[in-house]
Amino acid sequence: MRIIAGRHRGRTIRAPVGRDIRPTADRARQALFNILTHRSFDDSPFALEGARVLDAFCGTGAMGIEALSRGARHAFFLDNNRVALGIARENLQALSEDRRATLFYADATRPPKGEPCNLVLLDPPYGAGLAVPALRAFARHGWLAPDAVIVAEIGAREELAPPEDFVLLEERRYGAAKFVILRYRPAT
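A short tour of the structure in this document, coming up. Just so you know, these numbers come straight off a predicted model, no measurement behind them.

### With respect to the sheet that holds strand β4 (residues 117-122)
Read across the sheet, 7 strands follow the order β3-β2-β1-β4-β5-β7-β6 without closing on themselves; strand pairing throughout is mixed. At either margin of the open sheet sits one strand with a lone partner, and together these are β3 (101-105) and β6 (166-174). For this sheet, the mean angle separating the axes of adjacent strands, direction not counted, is 15°. Bridge count between strand β1 (residues 52-56) and β4: 4 bridges; the pairing is parallel. When the bridges of β4 are listed, A56 appears paired with L122. The strands touched by helix α2 (residues 62-69) within the sheet are β1, β2 (74-79), β4 and β7 (177-184), with β2 carrying the most contacts at an inclination of about 180°. On top of the sheet, helix α4 (residues 131-140) reaches β1, β2, β4, β5 (144-155), β6 and β7; it is set at about 165° to β5, its chief contact.

### Some details on the environment of C58
As for its position among the elements, C58 is in the loop between β1 and α2. With a relative accessible area of 6%, C58 lands in the buried category. For the pair C58 and F104, spaced 46 residues apart in sequence, the C-alpha to C-alpha distance is 10.0 Å. Excluding residues that lie within four positions of it along the chain, C58 makes contacts with F77, L78, D79, L85 and A88.

### Description of the packing of aromatic side chains
Across all of its chains, the model carries 6 aromatic pairs by this definition. Ring geometry for F138 versus W143: centroids 6.3 Å apart, planes at 80°, classification edge-to-face. Exposure class is identical for F138 and W143. Each is buried. An aromatic cluster of three or more residues is present, and its members are F76, F104, F138 and W143. Directly above the aromatic system of Y105 lies the positively charged group of R82, at a separation of 3.6 Å from the ring centroid.

The rules behind these values
- Residues numbered from 1 in each chain as written.
- Predicted model: local features only at pLDDT ≥ 70, side-chain atom pairs only at ≥ 80, totals over all residues.
- Heavy atoms only, no water.
- Pairing = 2+ DSSP bridges.
- Helix = DSSP H or I, 4+ residues; strand = E, 2+ residues; numbered from the N terminus.
- Axes fitted to C-alpha atoms, helices over the stretch in contact; angles between N-to-C directions.
- Contact = heavy atoms within 4.5 Å.
- Buried < 20%, exposed > 50% of the residue type's maximum accessible area, 1.4 Å probe, protein only.
- Phe/Tyr/Trp six-rings, centres within 6.5 Å; stacked < 30°, edge-to-face > 60°.
- Lys NZ or Arg CZ within 6 Å of the ring centre and 35° of its normal.

Next comes the structure, spelled out in structure tokens:
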């Protein structure tokens, strides 16, 4: 695996052997970050530069690291798999990004109290139905800034009905994956 763009462009990061952790393919990650960087969503622009990012179900940390490489200010990494979190920590240290990162060993459907993030990247196990419960939990625990952009990576054949306070912006399929892009619009 490699970082696609930004200050760490071309650098490789560690990915585990086996099927327990499924990193997002380089090509799909590149397509997603191109959308986030160059596409205008509804009436609220999104800027990765200076953003606070949550990478939930983080696995290797590739998505959050890509965001840091492209100018995000800080990234939070959350996973309930100790091996995955250890790999994410090693990858952050290898790129000297550990000072701009905070790691949490936690279940995304029962997260600790958080700090509002502008971008949330969710990559739950395909078919487990965890994206919506995680979104609701992140909203309850203070992880979502108003107008935050959320990207949920789910299986290509899965459906994700946005919960209350979330607006569907776009869906894109990449092989076995589908990116569902949402905007957090809490009721006032």
